[in-house]
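Structural overview
So you can see what is in the structure, the chains are spelled out below.
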Amino acid sequence: MSHIETKCVQSGYRPKNGEPRILPIVQSTTFLYESSEQMGRLFDLEENGYFYSRLQNPTCDTVAAKIADLEGGVAAMLTSSGQAANFYAVFNVCKAGDHVVSSSAIYGGTYNLFSVTMKKLGIDFTFVSPDASREELEAAFRPNTKAVFAESISNPSLCVLDFELFADVAHEHGVPLIVDNTFPTPINCRPFEYGVDIVTHSTTKYMDGHAATIGGCIVDSGNFDWNKYADKFPGLTTPDDSYHGITYTEKFGKGAYIVKATAQLMRDLGSIQSPHNAFLINIGLETLALRMEKHCKNALAVAKYLKDSPDVAYITYPSLEGDKYYDRAMKYMPCGTCGVISFGVRGGRQAATRFMDSLKLAAIVTHVADARTCVLHPASTTHRQLTDEQMREGGIEPDLLRLSVGIENADDIIADIEQALKTIK
Ligand SMILES: *Cc1c(COP(=O)(O)O)cnc(C)c1O
């Protein structure tokens, strides 16, 4: 099973003789044991097994194993949302008084999580440009820095990460690089191949692919040597009193990071994925390779159309020749990037609103990355209370439209855009 398309379909659930052909939903909070002694060993992590679905559930574990295989990692855990995945991924290696270096080109929800909520927990973030030079990146580090965070393709600004530079500088400073790989998915980019240590996902987007289920995932490459920097990561390398003094790196080796996230964070914070939702994600994953290919093919056709249109002021799509991130996209994700495009129509905010209201096939929704083409105009929705100047300060042009190209026929998507552009002239 060496090819990614095969893994999408076959990885994870491997039934034995007489078992259900497709992944069963183990809809049970708890699991039965015949002796309290065995149950005790499970609680102490002395023995492997299921006992309570807040910690682990067979359906969720099977889907996590598939995503780990797709990314080329050693272990993974599902979470209730992408937000929970990013919170756990970072919080698993830091505590109050610690510091994290993060790219500033990240999803708004993640930016808020870092700059407001985690700051309240005593964790400080320094935000750096996704195009920072080695020197600028190095200058952001402090003695208490515990991780570097970035997105492989940022939502919504569509910057492609300089993986090798970020990984190199993180490792020089003895910390892991954590990358949110939601937009390209492992079909188009496998960050572990470029030195990334931990990958996160909002499975809500392409992995589910049908806008049916909120979810997240964390995958560990198993490559970061926590023991080499034992002083920085005592949570992984010294005894955990809440588990009778086990040391995660000693007992679980390459699985230490995910076991700790499960045993401590999931136990205490409880942002679990439900088995039923994990089942839906698994169905989405089966067609992920097919869908990504189509999303990218359609998006490139739409991007080329928009680039040539006299009614379009600018367009950003990393797979489009001439894009600021084209060379980086070709290096790290040569088969395609994602289905999301951002562009502006001539005529500013008003024209953008009229254009959007005239679309018939593309729906106005607060979502990206599912099978149906959809569009969002930040200035008239999520950012509508801001002035044009305030929006520009936040890096968003008032006429910017975020178009998530679906898997319909590209000609129909383009025809819809064409008739809507006519209304703004
Ligand atoms: C949507 C998104 C998230 C948040 O995920 P939810 O599943 O909505 O909690 C995080 N990162 C990126 C890149 C996203 O697009």
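Residues numbered from 1 in each chain as written. Predicted model: local features only at pLDDT ≥ 70, side-chain atom pairs only at ≥ 80, totals over all residues. Heavy atoms only, no water.

Most of helix H4 (residues 82–91) is tucked away: eight of the ten residues are buried. Restricting attention to buried positions, one finds in H4 the residues Gly82, Ala84, Ala85, Asn86, Phe87, Tyr88, Ala89 and Val90. With a side-chain oxygen positioned 3.4 Å from the backbone nitrogen of Gln83, the residue opening H4 is Ser81. (Buried < 20%, exposed > 50% of the residue type's maximum accessible area, 1.4 Å probe, protein only. Helix = DSSP H or I, 4+ residues; strand = E, 2+ residues; numbered from the N terminus. Polar contact = N/O pair within 3.5 Å; in protein donor to acceptor, adjacent residues only side chain to side chain.)

Note: strands within a sheet are paired through backbone hydrogen bonds, in either parallel or antiparallel orientation. Ordered in space as S1-S7-S6-S5-S4-S2-S3, the seven strands form an open sheet in which the pairing is mixed. Where the open sheet ends on each side, the last strands, each with one partner, are strand S1 (75–79) and strand S3 (124–128). Going across the sheet, the axis of each strand differs from the next one's by a mean of 20°, ignoring polarity. Alignment of strand S5 (residues 177–180) against strand S6 (residues 198–202), held across three bridges, turns out to be parallel. Each residue of the ladder has a partner; that of Val179, found in S6, is Val199. Those strands touched by helix H7 (residues 163–172) are strand S2 (99–103), S3, strand S4 (145–151) and S5, and its axis lies near 150° from that of S5. (Pairing = 2+ DSSP bridges. Axes fitted to C-alpha atoms, helices over the stretch in contact; angles between N-to-C directions. Contact = heavy atoms within 4.5 Å.)

Looking at the secondary structure, you find Lys66 in helix H3 (residues 58–71). Here Lys66 sits buried without a salt bridge, and the closest side chain of opposite charge, Glu286, lies 4.5 Å off (N-O distance). (Lys, Arg positive; Asp, Glu negative; His and termini not counted. Salt bridge = Lys/Arg side-chain N within 4 Å of Asp/Glu carboxyl O.)

What follows covers the sheet that holds strand S12 (residues 400–404). One open sheet holds the five strands; their spatial order is S8-S9-S12-S11-S10, and the pairing between them is mixed. The outermost strands of the open sheet, each flanked by one partner alone, are strand S8 (312–316) and strand S10 (363–364). By the bridge criterion, three bridges tie strand S11 (residues 374–376) to S12 in an arrangement that is antiparallel. Looking at the pairing, Cys374 lines up with Ser404 of S12.

You can see Pro24 is positioned in the loop between helix H1 (4–10) and helix H2 (36–43). A relative accessible area of 29% means that Pro24 is categorised as partly exposed. Each C-alpha atom of the pair Pro24 and Phe279 lies 7.7 Å from the other, and the pair is 255 residues apart in sequence. Each residue touching Pro24, except ones within four places of it in the same chain, is listed here: Tyr13 and Thr59.

So, on to the environment of Glu46. Relative to the helices and strands, Glu46 is located in the loop between H2 and H3. We classify Glu46 as partly exposed; its relative accessible area is 48%. In the structure, Glu46 is positioned 205 residues away from Lys251 in sequence and 9.6 Å away in space, judged by C-alpha atoms. Excluding residues that lie within four positions of it along the chain, Glu46 makes contacts with Arg41 and Lys251.

What follows is about the packing of aromatic side chains. Taken as a whole and assessed by the stated rule, the structure comprises 18 aromatic pairs. Ring geometry for Phe43 against Phe51: centres 4.5 Å apart, planes inclined by 40°, an arrangement best described as tilted. Overall, the relative accessible area of 11% leaves Phe51 in the buried class. Seen from their ring centres, Phe125 and Phe127 are 6.2 Å apart, and the 20° between their planes marks the pair as stacked. A relative accessible area of 24% places Phe127 in the partly exposed class. The rings of Tyr111, Phe114, Phe125, Phe127 and Phe149 are connected pair by pair, giving a single aromatic cluster. The aromatic ring of Tyr107 is capped on one face by Lys205, whose charged end is 5.1 Å from the ring centroid. (Phe/Tyr/Trp six-rings, centres within 6.5 Å; stacked < 30°, edge-to-face > 60°. Lys NZ or Arg CZ within 6 Å of the ring centre and 35° of its normal.)

Let's shift gears to the side chain of Thr145. Locating Thr145 in the fold gives a position in strand S4. Its relative accessible area of 2% is what places Thr145 among the buried residues. Within the structure, Thr145 has its side chain in polar contact with the side chain of His99 (distance 2.7 Å). The residues touching Thr145, leaving out its near neighbours within four places in the chain, are His99, Val101, Val175 and Lys232.

Here we take up the pattern of salt bridges. Under the counting rule described, the total for this entry stands at 18 salt bridges. A salt bridge links Lys251 to Glu46; the nearest nitrogen and oxygen atoms lie 4.0 Å apart. Taken as a pair, Lys251 in helix H10 (residues 248–252) and Glu46 in the loop between H2 and H3 lie far apart in primary sequence, 205 residues in all. Taken together, the salt bridges that share partners define one network made up of Glu37, Arg41 and Glu47.

Just geometry here; none of it tells us what the structure is for.
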